[in-house]
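# Observations on the three-dimensional arrangement
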Amino acid sequence: MNCGQCKEILTAYIEGLLNESAKRTVQEHLRDCPLCRTEFEQLRSLCDRLAANGKAFSGSDLENAVMNRIVQEQNVRLKTASKMGVSTPSFWRVSRKIRRIIMKSRITKFAAAAAIIVAALLVVHFIGNPLGSNVTFAQVIQPILRAQTAVFDIIVGNEEDGGPVIHDMVMASRIRRTLSNVPDVVSIIDLETSRILTLTPTKEAVYINLKGLPPIPNYMEKLRNVIIALQENPKFEVQELGQQDIDGQRLIGFRAKHPKAEITIWADSKTALPVRIEQNEGQMKVICKNIQFDVPMEKSLFSMDVPEGYKLQQTELDLQGSTEQDFIEGLRVRAEVLGAGQFPDSVAVENYIKEAPAIGKKLGELGLSDQQVGELGIKLSRHLLFIRFFKGEGQWHYAGKGVKLGEADKAIFWYQPKDSKTYRVIYGDLSVKDVAPEDLPK
Amino acid sequence: MPETDQYYIGRCLDGHPDDFRYLVRAYQAVLLAHLSGKLGNKDKAEEAAQESFVRAYFGLDGLKKPESFFSWLLGIADRVAKEHQRRGQIRQQRDVINSFSQAAPQPEISQDYALESAIAELPEAYRQVILLRYYGHHSCSQIAERLDMPLGTVTKMLSRAYVMLRQSLQKQHNESCEV
């Protein structure tokens, strides 16, 4: 091998691309030729320098910055297009194209705030409870079994506490929902596809894809299944509550009981149509009132399509198996970020619904990045779901009112996990201990 | 198996614009290195890289050959860099940095500006190969496949690029010694 030949395959040699015999030939030549050896060393050092520099760049992260800029640019383009206000076919072609490239998963402050409200919306899937078989009672529930559509108001917690009212319109698997403390925002929930479309008065539309939501087939279907299943169960007891005037209406009441749950249905004493249903599910009380069945409603009210002229954003909310750790993380956010170091007065669902608009607003004011607000929103949602779908035995207890984050000697929350002999106790410093029932805080 | 550029471009155009992030992920280091060399400053390079990606995104449906996304992207970056660039300033900056790096044995800046600017001066074909090899972390055979050339050509181009880089580095060194 001469120097020219050696030089020619030196790169292949460094790259480890030569076969054994060629490799040996190069090695032998390098050993014998000081000039080529110098050349090789210089080449090697350049390669090392390139590799080191390459490494320095490999940690760069432009992804989110770029995606955010694209969304901004997108919005500018959309605005310009709508300002032009033209409606020629070519305009629609262009706007379709623009619509097509609207971003999907960037979590903006607005979407995050919407996610917080949505979490509040999710918690009140009105699901029926134990009922019995009683002729009169059966009459009362017939409309629920037959209804194609329904309209009602939901209150979580006690009615006299003056919490927000959730107004629902239901058609098949879709719910059109508004909250009385955020009256301008409309959400359409599609249980079939686990998607929520939220529309605001500022013409913003947010699609939220829900992941990990327990399967909820069809709203009315679910209610029916529960009632039918329960009617067939001999263990249920139905108690007649007699007649009572509620909200100026003469109503007749029935209470169906079960060790773990209770449902009370009030029906119009003349028509036997249910107008009010009170449920206890775990520690959550849900009142459903002003119920009307088979109200004719425009199908378009339940459309999942984004209305013309709305700015679209999409985000995802993963609700998969909310754990104790999620609950604790939420406590941390509520104390540290929202409560100036102090835990909330209550962790009950109704309290959260009441606070949702304020929480959304507060997060918006903190001057955090969109990404951060989004992450906090998701943390809070998962925190809430731990209580909403509480999986422990018996009751949970909260004693965090007035406690400051870091107060390690104060127990703020305890519950008994399923199949556990001991309780899990969470303290003010957010540490957790397993505690025997006799050692629980009083 | 990682998807090809064509796949993600198709997805973007097909109503999944968020998939553009995979292209950003794949090429950000390459683009940053390329632009650092041209602009001589990390912040400017980041700014220009972001802008290049955004322009690429909005130009996607005009891209005739999706398989040449990478060279197309580099072309966009070149134009962006040109707009950002004021030659005199860059030159000055490079000299300042060079004099720094000689005074201080181990400058705190992680990038090797001399090297990056040498890369930026390479003819396009060679520059691509160097960027893919060292900043895109491709092997020679991956480069051969992606640029549709024989493996031998890749190693030859690398060799030639090394020669040019060394000359350029040497020249820069000499110039800074004269200052």
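Residues numbered from 1 in each chain as written. Chains lettered and ligands numbered in written order. Predicted model: local features only at pLDDT ≥ 70, side-chain atom pairs only at ≥ 80, totals over all residues. Heavy atoms only, no water.

## Regarding the overall build of chain A
In terms of helices and strands, chain A carries 11 helices and 16 strands. Put simply, chain A has 442 residues, and 49% of those count as buried. Sequence-distant contacts in chain A: of pairs separated by 6 or more residues, those separated by 24 or more amount to 59%. Surface accessibility of chain A: about 21,600 Å² in total, with carbon and sulfur atoms responsible for 50%. (Helix = DSSP H or I, 4+ residues; strand = E, 2+ residues; numbered from the N terminus. Buried < 20%, exposed > 50% of the residue type's maximum accessible area, 1.4 Å probe, protein only. Contact = heavy atoms within 4.5 Å. Areas by Shrake-Rupley, 256 points an atom, 1.4 Å probe, with all protein chains shown as cover.)

## Notes on unusual backbone geometry
Within the chain, Leu430 of chain A stands out as a residue other than glycine whose phi angle is a positive 70°. On the accessibility criterion, Leu430 of chain A (8% relative accessible area) is buried. Here His137 of chain B, not a glycine, exhibits a phi torsion of approximately 55°, which is positive. Here His137 of chain B shows up in the loop between helix H7 (124-134) and helix H8 (140-147).

## Regarding helix H1 (residues 3-14) of chain A
Along an α-helix, a turn takes 3.6 residues, which lines up residues three or four apart on a common side. Residue and element names in this part refer to chain A. An ideal rise of 1.5 Å per residue puts 16 Å on 12 residues; H1 measures up with 16 Å between its terminal C-alpha atoms. Inspection of H1 places Cys6, Leu10, Thr11, Ala12, Tyr13 and Ile14 among the buried residues, and these make up the whole buried set. Regarding H1, its N-cap is Asn2, as a side-chain oxygen of that residue lies 3.1 Å from the backbone nitrogen of Gly4 further along. After H1 finishes, the residue Gly16 shows a positive phi value of roughly 70°. (Expected span 1.5 Å × (residues − 1). Polar contact = N/O pair within 3.5 Å; in protein donor to acceptor, adjacent residues only side chain to side chain.)

## Focus on helix H3 (residues 42-59) of chain B
Compared with an ideal rise of 1.5 Å per residue, which puts 18 residues at 26 Å, H3 of chain B spans 25 Å between its outermost C-alpha atoms and is within 8% of the ideal. All of the buried residues along H3 of chain B are Ala45, Ala48, Ala49, Gln50, Glu51, Ser52, Phe53, Val54, Ala56, Tyr57 and Phe58 of chain B.

## Let's talk about the interface of chain A and chain B
At the junction of the two partners, chain A supplies 37 residues and chain B supplies 46 residues. Summing the contributions of chain A and of chain B, the shared interface buries around 3,900 Å²; its carbon and sulfur component is 63%. Where chain A touches chain B, the interface holds 5 salt bridges. Here Glu63 of chain A makes a salt bridge to Arg21 of chain B, at a shortest N to O gap of 3.1 Å. (Buried area = accessible area lost by both parts, 1.4 Å probe. Salt bridge = Lys/Arg side-chain N within 4 Å of Asp/Glu carboxyl O.)

## Focus on the packing of H1 of chain A against helix H3 (residues 34-58) of chain A
Residue and element names in this part refer to chain A. At a closest axis distance of 11 Å, the pairing of H1 and H3 adopts a crossing angle of 25°. Taken together, the axis directions place H1 and H3 in an arrangement best described as roughly parallel. Considering the relative orientation of H1 and H3, their crossing is right-handed. Touching Cys3, Cys6, Lys7, Leu10, Thr11, Tyr13 and Ile14 of H1 are Cys36, Glu39, Phe40, Leu43, Arg44 and Cys47, all from H3. Broken down by class, the residue content of the contact of H1 with H3 amounts to 9 nonpolar, 1 polar and 3 charged. (Axes fitted to C-alpha atoms, helices over the stretch in contact; angles between N-to-C directions. Parallel < 35°, antiparallel > 145°, perpendicular 65-115°, else oblique. Left-handed = near helix turned anticlockwise from the far one by under 90°. Nonpolar A, V, L, I, M, F, W, Y, C, P; charged D, E, K, R; others polar.)

## Let's talk about the packing of aromatic side chains
A complete count under the given rule lists 16 aromatic pairs over all chains for this structure. Judged by centre distance (5.2 Å) and plane angle (75°), the ring pair of Tyr7 of chain B and Tyr8 of chain B falls under edge-to-face. Tyr7 of chain B sits in the partly exposed class, given a relative accessible area of 36%. Taken together, the ring pairs connect Phe327, Phe386, Trp396, Phe413 and Tyr415 of chain A into an aromatic cluster. Positioned above the aromatic ring of Tyr207 of chain A is the side chain of Arg195 of chain A, whose terminal nitrogen or guanidinium carbon lies 4.0 Å from the ring centre. Over the aromatic face of Tyr427 of chain A sits the side chain of Lys433 of chain A, whose NZ or CZ is 4.7 Å from the ring centroid. (Phe/Tyr/Trp six-rings, centres within 6.5 Å; stacked < 30°, edge-to-face > 60°. Lys NZ or Arg CZ within 6 Å of the ring centre and 35° of its normal.)

## Digging into the environment of Arg332 of chain A
All names here are of chain A. For Arg332, the location among the structural elements is in helix H9 (residues 324-338). Accessibility expressed as a relative area gives 30% for Arg332, which makes it partly exposed. Each C-alpha atom, one on Arg332 and one on Lys379, is 9.8 Å from the other, the two residues being 47 residues apart in sequence. Not counting the four nearest positions on each side in its chain, Arg332 is found in contact with Val337 and Leu430.

## With respect to the side chain of Arg177 of chain A
Within the secondary structure, Arg177 of chain A sits in strand S3 (residues 174-179). A polar contact of 2.6 Å, which involves the side chain of Arg177 of chain A, links it to the side chain of Asp168 of chain A.

## Looking at the environment of Arg250 of chain A
Residues and elements named next belong to chain A. Within the secondary structure layout, Arg250 lies in strand S8 (residues 249-258). By relative accessible area, Arg250 is classed as partly exposed at 42%. Sequence separation between Arg250 and Ser269 is 19 residues, and the spatial gap between their C-alpha atoms is 6.2 Å. When neighbours within four sequence positions are excluded, Arg250 is seen to be in contact with Gln243, Gln244, Asp245, Ala267, Asp268 and Ser269.

## Overview of the nonpolar core
Counting 74 residues, the largest nonpolar core has Leu50 of chain A together with Phe20, Ile130 and Tyr135 of chain B as its most contacted members. It is helix H2 (residues 20-39) of chain B that contributes the most residues to this core, 11 residues altogether. For Tyr135 of chain B, the contacting residues outside a window of four places in its chain are Leu50, Asn53, Gly54 and Phe57 of chain A together with Ala29, Val30, Ala33, Leu115, Ile119 and Ile130 of chain B. Within the second largest apolar cluster, 54 residues are counted, among which are Leu191, Ile208, Ala256 and Ala335 of chain A. (Core = buried A, V, L, I, M, F, W, Y, C linked by side-chain atoms within 4.5 Å.)

## As for the confidence of the model for chain B
Residue and element names in this part refer to chain B. For chain B, per-residue confidence averages 80 on the pLDDT scale, and residues scoring 70 or more make up 81% of the total. For chain B, helix H5 (residues 87-103) is the element with the lowest average pLDDT, namely 48, and H7 is the one with the highest, namely 90. Below a pLDDT of 50 lies the segment residues 99-110, which in the model reaches 5 contacts outside its immediate sequence neighbourhood of four places, other chains included. Scored as a whole, the predicted complex attains pTM 0.46, and scored at its interfaces, ipTM 0.77. (pLDDT = per-residue confidence, 0-100.)

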